[in-house]
Amino acid sequence: MDGQSRFPRQRTSSGDAYRSGPVQGPVSTGTALPGAPAPGCALHRRLHLTLDPADLVAVGAVRRRLRSALSHWGVPELSDTAELLSSELVTNALVHTGKGAVFDAVLGSDHRLRIEVHDGTSRLPGRRRDPEAEYATSGRGLLLVEALADSWGVQLRGDGKVTWFELAMP
């Protein structure tokens, strides 16, 4: 079974099943139906992925899906940085929590991209404190997020935490 068909999984609109592939919304040039999102609204510029615990192969699929979405949304110039930082947050969530993660990317009407990774633990992320960390092969993810994101943070929630970052159009 190839990676694209195994993960990442997306909830369908009913929320009770999963499917692979990009979210396909209705394309319309007319007026939206009452209660339906209008074309071009934020709901059409959202990527939502659910990742299984310790499924590190899914990180590559997240990067590909994000790049495709950003291209489709007309902001491919955000792709390189968004992919790198998303990889760091998703990998941290899968490796350090022992649980799955939920990935959300939303492009706002102001062309500001917000990426959120929700995991099921309330343990806050932290930097390495040992003096040899500079030479380690891992542990620099939050330094990259801090250096490249326009803003970022962590929000504790009752069911874990959300680590997020935002990128603005250059």
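Before reading further, recall that the structure is shown in the block above.
Predicted, not measured: the structure shown is a model, and the values here were computed from it.

Section: helix α3 (residues 79-97)
Counted at 1.5 Å a residue, the expected span for α3 with its 19 residues is 27 Å, and the 26 Å between its end C-alpha atoms agrees. Looking at the buried positions of α3, the neighbouring elements they touch are β3 (46-51), α2 (58-72), β4 (101-107), β5 (113-119), α4 (141-148) and β7 (160-167). Looking one or two residues past α3, Gly98 carries a phi angle of roughly 70°, positive in sign.

Topic: the sheet that holds β3
The strand order across the open sheet built from 5 strands is β3-β4-β5-β7-β6, with neighbouring strands paired in antiparallel fashion. The sheet is open, and its two edges are formed by β3 and β6 (151-157), each paired on a single side. With strand direction ignored, the average angle separating the axes of adjacent strands in the sheet is 15°. Here 7 bridges tie β5 to β7, and the two strands are oriented antiparallel to one another. If you follow Asp119 over to β7, its bridge partner there is Lys161. Against the sheet, α2 touches β3, β4 and β5, its axis set at about 170° to β3. Contacts between α3 and the sheet are confined to β3, β4, β5 and β7, with β7 contributing the most and set at about 170° to the helix.

Focus on the environment of Leu144
The topology assignment puts Leu144 in helix α4. Residues Leu144 and Leu84 lie 60 residues apart in sequence; the distance between their C-alpha atoms is 8.5 Å. Not counting the four nearest positions on each side in its chain, Leu144 is found in contact with Leu84, Leu85, Glu88 and Ala149.

Let's talk about the packing of aromatic side chains
Enumeration over the complete set of coordinates arrives at 0 aromatic pairs. A cation sits over an aromatic face here: Arg114 above Trp164, 4.2 Å from the ring centre.

Description of α2
With 15 residues, α2 extends 21 Å between its outermost C-alpha atoms, agreeing within 8% with the 21 Å of an ideal straight helix rising 1.5 Å per residue. Within the sequence span of α2, burial applies to Ala58, Val59, Gly60, Ala61, Val62, Arg65, Leu66, Ala69 and Leu70.

A look at the pattern of salt bridges
Considering all chains together, one arrives at 7 salt bridges under this definition. Arg46 serves as the salt-bridge partner of Asp104, at 2.7 Å between the closest nitrogen and oxygen. One end of the pair, Asp104, is in strand β4; the other, Arg46, is in strand β3, and 58 residues separate them in sequence. Taking the relative accessible area as the measure of exposure, Arg46 reaches 37% and is therefore partly exposed. A salt bridge links Arg112 to Glu166; the shortest N-O distance between them is 2.7 Å. Pair noted here: Arg112 is in the loop between β4 and β5 and Glu166 is in strand β7, with a separation of 54 residues, a long-range link.

Calculation criteria
Residues numbered from 1 in each chain as written. Predicted model: local features only at pLDDT ≥ 70, side-chain atom pairs only at ≥ 80, totals over all residues. Heavy atoms only, no water. Helix = DSSP H or I, 4+ residues; strand = E, 2+ residues; numbered from the N terminus. Expected span 1.5 Å × (residues − 1). Contact = heavy atoms within 4.5 Å. Pairing = 2+ DSSP bridges. Axes fitted to C-alpha atoms, helices over the stretch in contact; angles between N-to-C directions. Phe/Tyr/Trp six-rings, centres within 6.5 Å; stacked < 30°, edge-to-face > 60°. Lys NZ or Arg CZ within 6 Å of the ring centre and 35° of its normal. Buried < 20%, exposed > 50% of the residue type's maximum accessible area, 1.4 Å probe, protein only. Salt bridge = Lys/Arg side-chain N within 4 Å of Asp/Glu carboxyl O.

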